[in-house]
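Each chain, letter by letter, is given below.
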Amino acid sequence: LSVLSYADLMKGGDEGDAIIPYKPEESILLSRVSENSSFRMPPRGERVKKEEIELIKEWIRAGAKNN
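Since this is a predicted model, take the numbers as computed values, not measurements.

Helix and strand content of the protein: three helices and zero strands. Going residue by residue from the N terminus, the α and β elements of the protein occur as α-α-α. When the 67 residues of the protein are sorted by exposure, 27% land in the buried category. Put simply, the protein shows about 4,900 Å² of open surface, and 53% of that area lies on carbon and sulfur atoms. The positive charge centre, built from 11 side chains, and the negative charge centre, built from 12, are 1 Å apart in the protein.

This is how it looks when you write it as structure tokens:
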């Protein structure tokens, strides 16, 4: 899964769609950045902050638009 561009992110990865617009609970990206994920994203370094996770969740819930 590449998150380098919006197009890459929306393309998804080997496990399927990373983002399912309007459905954060079904989006792989959100599950991967969550604190209780065994598949850590990012793989090294600092975890994504809770506030950032909430922003991602709201962005997906709003349709994950590229504006």
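We now examine helix α3 (residues 50–61). When the terminal C-alpha atoms of α3 are compared, their 16 Å separation across 12 residues agrees well with the 16 Å that a helix rising 1.5 Å per residue should span. Looking one or two places after α3, you find Gly63, whose phi comes out positive at around 115 degrees.

Note on pairing: side chains with opposite charge can pair once their charged atoms come close. According to the stated counting rule, one finds three salt bridges in the structure shown. Glu15 is the salt-bridge partner of Arg32, the closest N and O atoms lying 2.5 Å from each other. Placement of Arg32 in helix α2 (residues 28–33) and of Glu15 in the loop between α1 (6–11) and α2 is noted, with a sequence separation of 17 residues between them. Under the relative-accessibility criterion, Glu15 is labelled exposed at 58%. Here Glu54 makes a salt bridge to Lys57, at a shortest N to O gap of 3.5 Å. Within this pair, Glu54 and its partner Lys57 are both found in helix α3, separated by three residues, close to a single helical turn. Classification of Lys57 by relative accessible area gives partly exposed; the value is 25%.

On average, residues of the protein carry a pLDDT of 86, and 93% of them reach 70 or more. At the level of individual helices and strands, the protein shows its lowest average pLDDT in α2, which scores 86, and its highest in α3, which scores 94.

Time to look at the side chain of Ser27. Here Ser27 is to be found in the loop between α1 and α2. The exposure class assigned to Ser27 is buried, which follows from its relative accessible area of 2%.

So, how was this worked out
- Residues numbered from 1 in each chain as written.
- Predicted model: local features only at pLDDT ≥ 70, side-chain atom pairs only at ≥ 80, totals over all residues.
- Heavy atoms only, no water.
- Helix = DSSP H or I, 4+ residues; strand = E, 2+ residues; numbered from the N terminus.
- Buried < 20%, exposed > 50% of the residue type's maximum accessible area, 1.4 Å probe, protein only.
- Areas by Shrake-Rupley, 256 points an atom, 1.4 Å probe, with all protein chains shown as cover.
- Lys, Arg positive; Asp, Glu negative; His and termini not counted.
- Charge placed at Lys NZ, Arg CZ, Asp CG, Glu CD.
- Expected span 1.5 Å × (residues − 1).
- Salt bridge = Lys/Arg side-chain N within 4 Å of Asp/Glu carboxyl O.
- pLDDT = per-residue confidence, 0-100.

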